[in-house]
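Read off the chains here:
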Amino acid sequence: MSATYDLILEGGVLVTHRGERRGDIAIRGGKISAIGRIDGRAKKTMNVAGLHVLPGVMDTQVHFREPGAEHKEDFATGTKAALLGGITGVFEMPNTSPPTTTLAALKDKRTRAKGRMYCNYAFYAGATPDNIDTLGKLEKSKACCGVKVFLGSSTGDLLVPDDTHVEAILRGTSRRVAFHSEDEFRLEARKHLRVEGDVSSHMVWRDARTASLATERVLKIARKTRRKVHILHVSTAQEMDMLAKSPQATVEATPQHLTLEAPDCYNRLGTYAQMNPPLRGRSHRLGLWRALRAGVVDVIGSDHAPHTSAEKSAAYPATPSGMPGVQTLLPVMLGHVNAGKLSLPHLVSLTSYRPQQIFGIRGKGRLAVGYDADLTLVDMRHRREISEDWIASRCGWTPFAGYKVTGWPRGVLLHGKMAMWDDEVCGSAMGAEMDFTPAR
């Protein structure tokens, strides 16, 4: 007797990190039950001919501002934006108020998230010079994706500027540690280079050497301690050259650094282009693309960091750094796929396969029998202009307004159920905590 499934997706192009093929997917009990030619019946069948079916796209760097700055974003608005952008899971950052530096703070975020997150989620723990002794326990807590270290000051108060404490953090933890890699001592020494009212001086103050110096330091300590590290939002060609030679480091790039460049971004967007590390000139942007094509870049993350228009409209340097990105990550990158800058299987590796592999997410990131039926359905022929009336983030703006792309997220399935279809969130919040328990 043929098997009975909850749902069969028929006629789509199935995309993995290895390639593409046409086939069907059968789902039962929230998991992928069969792939290929399906012999069986289903309670519901959905024809997805003309669409590409991807393992659920993940954004492993977002700042949802809760608790402490919910006027910019909260868990509900941020994850609705993620769903609309085709994202099935997010890693949320610790620089909230209070920061996520204790078990109590992590528990508070988990409590706040329950029943309010529209996509799957996990939380970073923040490192400080004062919580090093507890990080080993904190990083293994439920829903914790790892430890985040700020080497340079950014939004919030988290900061570990010196090598002694960085080494202690790496020796006191066992999972891969993520770094915001800007050298705080160089930032302090160069503050006088900020020009009031001139946001383009942001990249002069936080210059390429500020980033590469910090990354040099991290890699040296990683070699010394024989520990694995993850360098976030790499912005310089020099860093990519270093990271290409470091087997202990994995690398994140953002759509912003791959797409926007100075001086145009500052001339066009003003302080809305301000982020840390800064958007830089063409040579660095092209250097990031060379590294991506060479396989140096492991992950694409948005560094979604919303601020209100009122905050961003102040005069530099009294303006906060950061921009929204979780909703535009996939459309922007699909546009690059259609422009021939990378293949769709490569994008799947950067947003599904490698995040699962690097961070050890159980049951996610693969089109494979037994894995969770978290799927992103995209129309690679759909042409569209990104507009701010589509943005669900509470901040209400995007640096990609007016940006024309070919390739668009049509739907998202979470645990085998439709969570987003054609720019509409379907039903209530069904996001669940991601699991990092090692498989037995």
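Please refer to the structure higher up on the page.
The following refers to the structure shown. Keep in mind that this is a model prediction, so the values were computed, not measured.

About the criteria used
Residues numbered from 1 in each chain as written. Predicted model: local features only at pLDDT ≥ 70, side-chain atom pairs only at ≥ 80, totals over all residues. Heavy atoms only, no water. Pairing = 2+ DSSP bridges. Helix = DSSP H or I, 4+ residues; strand = E, 2+ residues; numbered from the N terminus. Phe/Tyr/Trp six-rings, centres within 6.5 Å; stacked < 30°, edge-to-face > 60°. Lys NZ or Arg CZ within 6 Å of the ring centre and 35° of its normal. 1 Å grid on protein atoms, 1.4 Å probe; cavity = no way out; pocket = protein on both sides within 12 Å on 5 of 7 lines; lining within 4 Å. Points joined across faces, edges and corners; volume = space filled by probe spheres on them. Expected span 1.5 Å × (residues − 1). Buried < 20%, exposed > 50% of the residue type's maximum accessible area, 1.4 Å probe, protein only. Contact = heavy atoms within 4.5 Å.

1. Details of the sheet that holds strand β8 (residues 120-126)
Next up, step 1: Across the sheet, 8 strands lie side by side as β6-β7-β8-β9-β10-β11-β12-β13; this open sheet has parallel pairing. With partners counted over all chains shown, the strands left at the sheet margins are β6 (57-62) and β13 (299-300), one partner each.
Next up, step 2: By the bridge criterion, 2 bridges tie strand β12 (residues 249-253) to β13 in an arrangement that is parallel. Opposite E252, over in β13, you have V299 as the bridge partner.

2. A short note on the packing of aromatic side chains
Next up, step 1: The final tally for this structure, using the stated rule, is 8 aromatic pairs.
Next up, step 2: An aromatic cluster of three or more residues is present, and its members are F91, Y124, F359 and F436.
Next up, step 3: Here R194 stacks its cationic end above the ring of W205, 4.8 Å away from the centre of that ring.

3. Examining unusual backbone geometry
Next up, step 1: In the segment running from S97 into P98, the intervening peptide bond is cis, with an omega of 5°.
Next up, step 2: Looking at the secondary structure, you find P98 in the loop between β7 (87-92) and α2 (103-113).
Next up, step 3: Although it is not a glycine, A143 sits at a positive phi angle of roughly 70°.
Next up, step 4: Positionally, A143 belongs in the loop between α3 (132-138) and β9 (144-150).

4. Things to note about the layout of surface pockets
Next up, step 1: Approximately 510 Å³ is the volume found for the largest pocket.
Next up, step 2: Lining the largest pocket are 24 residues, and of these R175, F359, G360, F436 and T437 lie nearest its centre.
Next up, step 3: Looking at the lining of the largest pocket, the elements that each hand over two or more residues are β9 and α14 (344-359).
Next up, step 4: It is α14 that contributes the most residues to the lining of the largest pocket, 4 residues altogether.

5. Re helix α11 (residues 282-293)
Next up, step 1: Its 12 residues place the ends of α11 17 Å apart at the C-alpha level, agreeing with the 16 Å of an ideal helix rising 1.5 Å per residue.
Next up, step 2: Inspection of α11 places H284, R285, G287, L288, W289, A291 and L292 among the buried residues, and these make up the whole buried set.
Next up, step 3: For α11, the secondary structure elements touched by its buried residues are α7 (208-225), α8 (237-243), α9 (255-259), β13, α13 (329-338) and α14.
Next up, step 4: Looking one or two places after α11, you find G295, whose phi comes out positive at around 90°.

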